[in-house]
Amino acid sequence: MANDTSEKYHKHSPANIDRNNVVVSLRNIKKAFGSLEVLKGIDLDIFAGENVVVLGRSGSGKSVLIKIIAGLLRPDEGTVQVLGKEIDQLDVHELQELRSKIGFSFQGSALYDGMNVRSNLEFPLVRNKRNLSSQEVQKAIEKVLDDVGLSQTINQMPAELSGGQKKRIGIARTLILQPEIMLYDEPTAGLDPLTSEEINDLINEVQQQYKTSAVIITHDLTCAKSTGDRVVMLSEGRFLREGSFEKVFDTDDPVIKKFYNYNFISDS
Amino acid sequence: MKVFFLRIYDIYQFSLRFWKEVFLPPYEYKEVFNQFYEVGIRSLSIITLTGFITGLVFTKQSRSSLAEFGATSWLPSLMAIALLRALAPLVTALIIAGKVGSNIGAELGSMRVTEQIEAMEVSSTNPFKFLVVSRVLATTFIVPLLAIYMGFVGLLGAFVNVYNNEQTSFTSFFQEAFMRITFLDLFTLVLKSAIYGYTIGMTGCFNGYYADQGTVGVGRAANTAVVVSMFVIFIEEMLIVTLINNYR
Ligand SMILES: Nc1ncnc2c1ncn2[C@@H]1O[C@H](COP(=O)(O)OP(=O)(O)OP(=O)(O)O)[C@@H](O)[C@H]1O
Ligand SMILES: [Mg+2]
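The rules behind each value
Residues numbered from 1 in each chain as written. Chains lettered and ligands numbered in written order. Predicted model: local features only at pLDDT ≥ 70, side-chain atom pairs only at ≥ 80, totals over all residues. Heavy atoms only, no water. Helix = DSSP H or I, 4+ residues; strand = E, 2+ residues; numbered from the N terminus. Buried < 20%, exposed > 50% of the residue type's maximum accessible area, 1.4 Å probe, protein only. Contact = heavy atoms within 4.5 Å. Areas by Shrake-Rupley, 256 points an atom, 1.4 Å probe, with all protein chains shown as cover. Near = heavy atom within 4 Å. Polar contact = N/O pair within 3.5 Å; in protein donor to acceptor, adjacent residues only side chain to side chain. Nonpolar A, V, L, I, M, F, W, Y, C, P; charged D, E, K, R; others polar. Lys, Arg positive; Asp, Glu negative; His and termini not counted. Salt bridge = Lys/Arg side-chain N within 4 Å of Asp/Glu carboxyl O. Pairing = 2+ DSSP bridges. Core = buried A, V, L, I, M, F, W, Y, C linked by side-chain atoms within 4.5 Å. Domains from an automatic or database assignment. Buried area = accessible area lost by both parts, 1.4 Å probe. Axes fitted to C-alpha atoms, helices over the stretch in contact; angles between N-to-C directions. Parallel < 35°, antiparallel > 145°, perpendicular 65-115°, else oblique. Left-handed = near helix turned anticlockwise from the far one by under 90°. Donors = N, O, S within 2.8 Å, 3.2 Å for Na, K, Ca; no water. Phe/Tyr/Trp six-rings, centres within 6.5 Å; stacked < 30°, edge-to-face > 60°. Lys NZ or Arg CZ within 6 Å of the ring centre and 35° of its normal.

A. The arrangement of the overall build of chain A in detail. The number of helices and strands found in chain A is nine helices and ten strands. Principal axes of the C-alpha set define a box for chain A whose edges measure 60 × 45 × 40 Å. Counting across all 268 residues of chain A, residues that qualify as buried make up 52%. Sequence-distant contacts in chain A: of pairs separated by 6 or more residues, those separated by 24 or more amount to 70%. Accessible surface, chain A as shown: approximately 12400 Å² in total, 47% of it carbon and sulfur.

Rendered as structure tokens:
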């Protein structure tokens, strides 16, 4: 069943994963909004260099989970460790320093729409590295723009960019700080299959070039298959299954089957 | 009712946070400057227009009543008192509430729902300081300046009417106008416009910053910002006038 999607979407180059180095560690994470229990006890370890895909239906709490990792939301229960530091115990400055090592690509790109591409990229850089010369800043901007293949957009406003371009600039804005961990919230949502494939390739390039570990949140199976070294399936606030893409979908579990079939049909 | 008090408590927390963060470094000089420009320069034309018309029309309307007593020579000082004590700060505040308050509500609201505020947070920028503190500072300092400016433009409007009827010269008009204006009047003008400005900035920012999810939330944030700040401004006006009149 897992062979339905074509071979070409498989991850090309195997990742260089260090299984002795856990960069993100979640233990028994619970989160509720009022009476709505979104996460009901999540455990997850992410190893250095690894791309972990979290699959789940819309509303299953994927964004909540990734925001908890970035310290944007607090879990009601459980512990979050990122790069060996427990997020809960950090003061404002330590949290800021940790965050500069985490790149967050938002579901809707979240580009600052009052600023052009250059200022969007400059924003995190000058705020985190205050003693850079303007040439160094310019150079860094040109480098990340080149890495995401959008050098020509430097003076454009976000409103003038396509959805895929926005996603790339959003990713570039996080790469400019040379993050160790990337968090992608639905990187391919709302994009056509070709553009999605380009984003998937970009995610893999980032993993290779910047030596990042990543959490990729998606309901797009092609994205999961082509970017994930490991896949976990989130359902009803818990992880249902985890392992390689093939392993996760090689099951008779009706929930997973339904998710797979629905996705496969809607993709083709 | 419980929701209402919770909301009051939230607003209290929000303003407390403002007073804490406004003095703490790092300071966002550039953004504060941008906002001074946005609020000040971009409101100049509408303030000029309404100020001039207010002065002109008010003088015209008052003229007939004063003429009954043969007291049209009081017009300059009457207009100065009316404009500087009441009209200029109030009209300026209402216009800025409509123009800038709604703008702040919508801008911050859309930044909230499109996750731009969270994006700032993860790039190690304090969004409260960058967005809220700069805007509240701008409205608090700019509204008094605009109110003074409107008072002056309003007097020009009054002068045009007086000049057309009595051929009073420019200098004698302004001499008469300022004869009955005291330091307390000017002090009150600045003080209450600053309070109105603070109110506008705070309400706009609060509603935008905590906008609900979705595009509906953005419209609602802008709308609530205007309605609430206008309402609060009228209440403040009443309180301040009552208070200040004890000192006259
Ligand atoms: N700040 C919040 N306040 C209240 N409820 C929230 C909040 N954030 C998320 N929720 C709720 O938590 C649930 C999970 O939301 P989440 O955004 O994580 O879903 P998702 O899996 O990312 O879905 P999608 O694929 O549509 O982005 C939803 O029912 C949502 O309404
Ligand atoms: Mg989501």
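B. Molecular detail of the site of ligand 1. All names here are of chain A. Around ligand 1, the surrounding shell holds 13 residues, and the nearest of these are Ser58, Gly59, Lys62, Ser63 and Glu186. Within the contact set of ligand 1, an oxygen atom lies 2.6 Å away from a side-chain nitrogen or oxygen of Ser58. Contact distances for ligand 1 include 2.9 Å between an oxygen atom and a backbone N or O atom of Lys62. Notes on ligand 1: free accessible area 640 Å², of which the protein chains cover 63%. Counting only elements with at least two residues in the shell around ligand 1, the list comes to β2 (36-48) and α1 (62-69). It is α1 that provides the largest number of residues to the shell around ligand 1, a total of three residues. Among the residues making up the shell around ligand 1, the classes are represented as four nonpolar, six polar and three charged.

C. Summary view of the side chain of A:Arg99. Looking at the element boundaries, A:Arg99 is found in helix α2 (residues 92-99). Buried within the structure, A:Arg99 lacks any salt-bridge partner; B:Glu121 is the closest side chain of opposite charge, at an N-O distance of 4.0 Å. One polar contact links the side chain of A:Arg99 to the main-chain carbonyl oxygen of A:Gly71, over a distance of 2.9 Å. Excluding residues within four positions of it along the chain, A:Arg99 makes contact with A:Ala70, A:Gly71, A:Leu72, B:Glu121, B:Val122 and B:Ser124.

D. Local environment of the pairing of strand β3 (residues 51-56) of chain A. Residue and element names in this part refer to chain A. Counting buried residues along β3, six of its six residues qualify, which places the element largely inside the surrounding structure. By the alternation rule, side chains of β3 split into Asn51, Val53 and Leu55 and Val52, Val54 and Gly56, which are all buried. In this structure, β3 lies alongside strand β8 (residues 213-218), joined through five bridges in parallel fashion. Paired with Val53 across the bridge in β8 is Ile216. With five bridges joining them, β3 and strand β9 (residues 230-235) adopt parallel strand pairing. Within β9, the position partnered with Leu55 by the bridge is Met233.

E. Molecular detail of the nonpolar core. If you look at the biggest cluster of nonpolar residues, it comprises 80 residues, and the most contacted ones within it are A:Leu26, A:Leu39, A:Val82 and A:Leu183. Sorting elements by how many residues they give to this core places helix α6 (residues 127-166) of chain B first, with twelve residues. Counting only domains with at least three residues in this core, you end up with domain 1 (1-6 + 18-101 + 183-195 + 209-268) and domain 2 (111-178) of chain A. Not counting the four nearest positions on each side in its chain, A:Val82 is found in contact with A:Val23, A:Val24, A:Ile69, A:Ile87, A:Leu98, A:Ile102 and A:Ile181. Membership of the second largest hydrophobic core comes to 41 residues, among which are A:Ile176, A:Ile216, A:Cys223 and A:Phe259.

F. Main features of the interface of chain A and chain B. At the junction of the two partners, chain A supplies 21 residues and chain B supplies 15 residues. Overall, the association of chain A and chain B removes approximately 1600 Å² of surface from exposure, summing both partners, and the carbon and sulfur fraction of that is 51%. The largest contributions to the chain A side of the interface with chain B come from A:Arg99, A:Tyr112 and A:Arg127, which together make up 31% of the buried area. In this assembly, chain A and chain B are joined by three salt bridges. As a salt-bridge pair, A:Arg127 and B:Glu28 come within 2.9 Å of each other at their nearest N and O atoms. Viewed at the interface, chain B and chain A are joined by ten residue pairs in polar contact (both at pLDDT 80 or more). Taken together, the elements giving at least two residues each to the side of chain A that touches chain B come down to α2 and α3 (117-128) of chain A. If one sorts the elements of the side of chain A that touches chain B by residue count, α3(A) sits on top with four residues.

G. Molecular detail of the packing of α6(B) against helix α7 (residues 170-179) of chain B. All names here are of chain B. Contact geometry for α6 and α7: axes closest at 11 Å, N-to-C directions at 120°. Judged by the inter-axis angle, α6 sits oblique to α7. As α6 runs across α7, the sense of the crossing is right-handed. Contact residues: α6 offers Phe152, Leu155, Leu156, Ala158, Phe159 and Val162, while α7 offers Phe170, Phe173, Phe174, Ala177 and Phe178.

H. Spatial organisation of the coordination of the magnesium ion (ligand 2). All names here are of chain A. Taken together, the protein donors to the magnesium ion (ligand 2) comprise Ser63 (OG) and Gln107 (OE1), at separations of 1.9 to 2.4 Å. In this pair, Ser63 sits in helix α1 while Gln107 sits in the loop between β6 (102-105) and α3, placing the two residues 44 residues apart along the sequence. Judged by its relative accessible area of 33%, Gln107 is partly exposed.

I. The packing of aromatic side chains, seen in detail. Under the definition given, this model contains 26 aromatic pairs over all chains. Ring pairs connect the aromatic residues B:Phe152, B:Phe159, B:Tyr163, B:Phe170, B:Phe173, B:Phe174 and B:Phe178, which therefore count as one cluster. A:Arg127 extends its terminal NZ or CZ atom over the ring of A:Phe123, reaching a point 4.2 Å from the ring centre. Against the face of B:Tyr209 rests B:Arg112, its NZ or CZ located 5.0 Å from the ring centre.

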